[in-house]
Number of protein chains: 2
Amino acid sequence: MEPPAPRRRVTIVDVARHAQVSTTAVSKVLRNAYGASPAMRAKVRRAIDELGYRPHAGARGLRGQTYTIGVMLPDIRNPFFPEILDGITASLADTEYQVLLGPGCNGEKEEARVTEAMVDRGMDGIILVAPVSSRAHLELVGTAVPTVVVGRHGSSPLYDTVADDDIEGAALVVDHLAGLGHRRIAHIEHHETDPTRLREMPNARRADGYRLAMRAHGLEEWIDVVSTSYTQEGGYRGTQELLARHVPDRPTAVFAGADIVAMGVLEAVAEAGLSVPGDLSVAGYDNTTFAAFGPISLTSVDQGGREMGRNAVRLLLERIADRGRPSTQVILSPTLVPRRSTTRPSD
Amino acid sequence: MEPPAPRRRVTIVDVARHAQVSTTAVSKVLRNAYGASPAMRAKVRRAIDELGYRPHAGARGLRGQTYTIGVMLPDIRNPFFPEILDGITASLADTEYQVLLGPGCNGEKEEARVTEAMVDRGMDGIILVAPVSSRAHLELVGTAVPTVVVGRHGSSPLYDTVADDDIEGAALVVDHLAGLGHRRIAHIEHHETDPTRLREMPNARRADGYRLAMRAHGLEEWIDVVSTSYTQEGGYRGTQELLARHVPDRPTAVFAGADIVAMGVLEAVAEAGLSVPGDLSVAGYDNTTFAAFGPISLTSVDQGGREMGRNAVRLLLERIADRGRPSTQVILSPTLVPRRSTTRPSD
C-alpha cells in the first residue's frame with residue numbers, strides 16, 4: 001500500500017481569501033478576541049471547515065501562542081479527577097484550545113518534571129489539579145505561564161485558585177453522622193507535615209473541619225484521626241487499625257477524606273466479615289461515580305468537580321488575555337449526598 | 001511579592017562544557033542513541049543535573065524532535081486504561097521523552113481532533129489506545145508521525161499494533177462458566193456495524209470468541225448476545241433487558257465484554273433485588289482494580305495492560321529510530337482470574 005501523498009498545508013491566507021476577509025480578521029476569530037462580529041465568526045468558521053484548515057501549533061509557538069492548555073492530574077485512578085476534566089474540556093470545546101494531560105504525578109519530583117515539560121513546550125496556560133509542590137515551585141510556574149491551581153487553598157499574586165470549602169464539607173459529614181446518633185466518629189486523613197501544605201491542602205482542611213465540627217457537636221472527647229493517605233491502600237490500612245481495637249473503642253462511623261479512601265474502608269470492613277452500614281457507617285468525599293454506584297451507595301460530599309473545571313478555564317482564559325490582572329480565588333460550596341452507607345448506630 | 005528574576009537558559013553547549021565532552025555526545029545521550037558509552041552517559045547526566053538543564057522542546061521542534069509522546073485515551077473513566085498508561089510511563093521514565101495525554105475521545109470526530117492536535121504540535125510519536133477511527137485515518141496519522149495502535153487488531157504497513165488475543169480471552173470465560181455447569185451464558189457486547197471495525201476491534205473479537213467457544217462446548221442453542229456499549233450504562237441496560245425475560249429464558253451467567261460493563265451489570269442486578277453470584281454469575285474482561293476490589297470480587301480476564309504499554313513504547317522508539325522498518329504486530333496471551341462473582345448455577 002502506498003502512503004497517502006502529502007498535501008500542501010492550508011494556511012491562514014487561504015482561509016482569509018476563501019472567506020473574503022482579512023488575515024487579521026481570521027486571526028481574531030482563531031484567538032476568540034474581541035472585535036470579531038458573530039457574522040464574521042460564522043464566515044471564517046465556514047471557510048475553516050470547508051478548507052480543512054488546522055492552525056499549526058509549532059509555527060504559532062514562535063509567534064507566542066500554541067493554543068494548548070496543559071492539565072496536570074495527580075492520579076488518573078482517583079475517580080474525582082475525571083469530573084474536573086469534564087468541566088475543563090466542555091468549557092474549551094468551542095475554542096481553538098486543545099487540552100493535553102500530564103499524567104503520573106505522585107510527588108514533588110514528578111510534578112516538577114511535568115510542569116517543566118509543559119512550560120518547555122510553550123503551553124499557553126496550565127491547570128494544576130491538587131498539586132503537592134512547594135509554593136515556590138507553583139509561583140515559578142505561574143511566572144512562566146498563566147496558571148490556575150485547582151483543589152488547593154492559599155492565595156498568590158502569581159496564580160489563580162479554585163477550591164471548595166473543605167471545612168464546610170467536613171462539617172456536613174459530621175453534622176449528618178451526629179444527627180444519626182453517632183458519637184464515635186473517626187476520620188481517615190492524608191498524612192501531612194509540611195507547614196504550607198497543612199495550611200493549603202484540602203486534606204488538611206477536611207481534617208480541621210472534622211475537628212471543629214466534632215467540637216461544635218460536643219463530641220470533642222471522641223475525636224479520632226487515623227493518618228494514612230488519600231489512596232485505596234490508605235483507607236484499607238486505616239480501617240484495619242480502627243478494627244483492631246477492642247469493641248468499645250471502635251468507631252461506629254468513619255469519615256473517609258476522599259471516596260478513593262472509602263473504597264479501601266469498604267474493602268477492609270468486608271474482609272473483617274463486618275457489614276456497612278450495620279457494623280460501621282461510612283462516608284466519603286468527592287461524590288464520584290463510585291459513590292453513586294448502586295451496590296456501593298456511598299454517602300459523600302459533592303464538591304462540584306465540573307463546576308471547578310469550568311471556573312478554572314474561565315480564570316485561565318481571562319489571565320491569558322490579561323497577564324496583569326489581579327489574582328482571583330474562587331471557593332465553591334459543597335453539598336452532602338446521603339446514601340445507604342450511613343445509618344443509625346446499632347448500639 | 002516580586003516574581004523571580006528570569007535566568008539565562010542553560011544550553012546544550014553549557015552541558016557539554018561542564019561535562020567536558022562534545023555537544024554531539026550530549027545530543028547522543030539526550031536522544032538515547034547508540035554510540036554513547038555508559039561512562040559518557042553518566043558524565044552527561046551529572047552535568048545535566050548539576051546545571052539544571054532542560055531541553056527546549058520548541059527549539060528542538062525546529063530541528064525535528066520535541067521529545068514528546070502523545071497518548072490518546074478514549075475514556076479516562078474506564079479503569080483498564082490506567083494500566084496501559086502505567087506501562088507506558090514506566091518504560092519512558094529513564095528517557096527524555098515526556099508523555100502527554102489527549103483526553104475526551106469518544107468518537108471519530110473527537111479522535112480526529114486529538115490526533116491532528118498531536119501531529120500539529122510536532123509530537124515525536126503517538127500511541128492510540130483502542131481508537132475507533134477508520135483505517136484510513138489511522139494510516140494518515142501513521143504517515144505523519146510514528147504510531148502504535150494499542151487494543152485494536154488488523155495490520156497496516158503504516159503503523160504497529162499491540163493487542164491481546166481477544167478470541168482466546170473470551171474462550172477462557174466460556175470455558176470457566178461452562179466448567180461450573182452453566183449453559184445459559186449470555187454475552188453483553190459493544191454494538192458495531194462498520195465492517196473494518198467488526199474485523200479489528202477487540203469488542204468484536206470477544207463476541208466472536210464467545211460464539212466460537214459456546215459452539216465448542218455444544219452450547220450453540222444458548223448463544224445469547226445483547227448489543228449495547230462498553231460503558232457502565234451499556235451493562236446496566238443490557239442486564240435490564242436480560243432480567244425482563246421470564247425466568248426459564250433468563251441466563252444464569254453473564255459474560256460482560258469489559259469490567260466497566262460488568263459494573264453496570266452489578267448495578268442492575270442489585271436494583272432488581274437479585275444477588276451475584278447466587279442468582280447470576282458475572283464475569284468481566286480487563287482485570288481492573290475494580291474487579292480486584294474486595295466487596296466486588298469480579299471474575300475477569302487479565303490482558304496485561306502494563307505489558308501492552310511496555311510493548312507499545314518499545315515499538316514506538318524502534319520506529320522513531322527507523323521509520324522504514326517493517327511494521328510489527330504484537331499479540332499477548334490473556335489469563336483468567338476467577339473470583340467470587342462466578343459460581344455453579346443454582347438450578
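A quick note: this is a predicted structure, and the numbers were derived from the prediction, not measured.

Participant: Whenever I open this one, the interface of chain A and chain B confuses me. Can you help?
Facilitator: In this assembly, 58 residues from chain A lie in contact with 58 residues from chain B. For the pair chain A and chain B, the two sides together bury roughly 4,400 Å², of which 61% comes from carbon and sulfur. For the interface between chain A and chain B, the tally reads zero salt bridges. Taken together, the links from chain A to chain B amount to 15 residue pairs in polar contact (both at pLDDT 80 or more). Put simply, the parts of the chain that give the side of chain A that touches chain B at least two residues each are α4 (57-63), α5 (81-92), β2 (98-102), α6 (108-120), α7 (135-144), α12 (259-271) and α13 (289-292) of chain A.

Participant: What's the story with the packing of helix α1 (residues 12-19) of chain B against helix α2 (residues 23-30) of chain B in this structure? I'm lost.
Facilitator: Angle between the axes and distance between the axes: these two values describe a pair of packed helices. Residues and elements named next belong to chain B. Taken N-terminus to C-terminus, the directions of α1 and α2 make an angle of 105°; their axes are 8 Å apart at the nearest point. Between α1 and α2, the angle falls in the class roughly perpendicular. Contacts between α1 and α2 pair Ile 12, Val 13, Val 15 and Ala 16 from the former with Thr 23, Val 26, Ser 27 and Leu 30 from the latter.

Participant: Would you mind going over the sheet that holds strand β7 (residues 224-228) of chain A with me for this structure?
Facilitator: Each strand in a sheet pairs with another by means of backbone hydrogen bonds, the pair being arranged parallel or else antiparallel. Residues and elements named next belong to chain A. Strand order in the open sheet formed by six strands is β7-β6-β8-β9-β10-β12, and the pairing between neighbours is mixed. Edge positions in the sheet fall to β7 and β12 (335-337), since each of these pairs with one other strand and no more. Taking each pair of neighbouring strands and ignoring which way they run, the sheet shows an average axis angle of 20°. Those strands touched by helix α10 (residues 202-216) are β6 (185-190), β7, β8 (253-256) and β9 (281-285), and its axis lies near 160° from that of β6.

Participant: Hey, could you run me through helix α10 (residues 202-216) of chain B in this one?
Facilitator: Residues separated by three or four positions in an α-helix point in the same direction, a consequence of the helix having 3.6 residues per turn. Residues and elements named next belong to chain B. A rise of 1.5 Å per residue sets the reference length of α10, with its 15 residues, at 21 Å; its end C-alpha atoms lie 20 Å apart and thus fit the reference within 8%. The set of residues buried in α10 consists of Pro 202, Asn 203, Ala 204, Arg 206, Ala 207, Gly 209, Tyr 210, Ala 213 and Met 214. Residues of α10 that are buried make contact with α8 (166-179), β6 (185-190), α9 (195-200), β7 (224-228), β8 (253-256) and β9 (281-285). Looking one or two residues beyond α10, the residue adopting positive phi is Gly 218, at roughly 70°.

Participant: Just checking my understanding: could you explain the pattern of salt bridges for this structure?
Facilitator: Two side chains carrying opposite charge are able to pair once their charged atoms lie near each other. Within the structure shown, the criterion is met by 34 salt bridges over all chains. Through salt bridges with shared partners, a single network forms among Asp160(A), Arg314(A), Glu318(A), Arg319(A) and Arg325(A).

Participant: Looking at this structure, how should I read the packing of aromatic side chains?
Facilitator: The description of two aromatic rings rests on the distance between their centres and on the angle between their planes. If you walk through the whole model with that rule in mind, you get eight aromatic pairs over all chains. Taking the centre distance of 5.7 Å and the plane angle of 70° together, the rings of Phe293(A) and Phe290(B) count as edge-to-face. With Phe293(A) in the loop between α13 and β10 (299-302) and Phe290(B) in helix α13 (residues 289-292), this pair bridges two chains. A single burial state applies to Phe293(A) and to Phe290(B), both of which are buried.

Participant: What is the right way to look at unusual backbone geometry in this model?
Facilitator: Most peptide bonds adopt trans geometry, and most residues besides glycine take a negative phi value. In this chain, Val276(A) is followed by Pro277(A) through a cis amide linkage whose omega measures 5°. Mapped onto the secondary structure, Pro277(A) falls in the loop between α12 and β9. Even without a glycine there, the phi angle at Asp286(A) is positive, about 125°. With respect to the secondary-structure elements, Asp286(A) resides in the loop between β9 and α13. The residue Gln20(B) is not glycine, and still its phi comes out positive at about 55°. Mapped onto the elements of the fold, Gln20(B) is located in the loop between α1 and α2.

The rules behind the values
- Starting from 1, residues in each chain are numbered consecutively following that chain's sequence as written.
- Following the order in which they are written, the chains are lettered starting with A and the ligands numbered starting with 1.
- Given that this is a predicted model, residues contribute local features only at a pLDDT of at least 70 and side-chain atom pairs are listed and counted only at 80 or more, while totals for whole chains, interfaces and linings are drawn from all residues.
- The side-chain numbers reported here are obtained from all heavy atoms of the structure, hydrogens and water having been left aside.
- Two residues form a contact once any of their heavy atoms are found within 4.5 Å.
- Once two parts are brought into contact, the accessible area they lose, counted with a 1.4 Å probe and summed over both, makes up the buried area.
- A side-chain nitrogen of Lys or Arg and a carboxyl oxygen of Asp or Glu constitute a salt bridge if their distance falls within 4 Å.
- As used in this structure description, the phrase polar contact means that two N or O atoms lie within 3.5 Å; if the pair is within protein, one of them must be able to donate a hydrogen and the other to accept it, and residues adjacent in sequence are counted only when both atoms belong to side chains.
- Strands here are runs of E lasting at least two residues and helices are runs of H or I lasting at least four, both read from the DSSP assignment and numbered beginning at the N terminus.
- To define axes, lines are fitted to C-alpha atoms, for helices over the stretch in contact only, and angles between the resulting N-to-C directions are given on a 0 to 180 degree scale.
- Oblique is the label for any angle not under 35 degrees, not over 145, and not in the 65 to 115 range, which are roughly parallel, roughly antiparallel and roughly perpendicular in turn.
- Criterion used throughout: strands pair if DSSP finds at least two bridges between them.
- Helix span, expected: 1.5 Å multiplied by one less than the number of residues in the helix.
- Classification of residues uses two cut-offs on accessible area relative to the type maximum, computed with a 1.4 Å probe and protein chains only: under 20% is buried, over 50% is exposed, and between them is partly exposed.
- Here is the rule: rings of Phe, Tyr and Trp (six-membered ring for Trp) pair when centre to centre is within 6.5 Å. Planes less than 30 degrees apart are stacked, more than 60 are edge-to-face, and the remainder are tilted.

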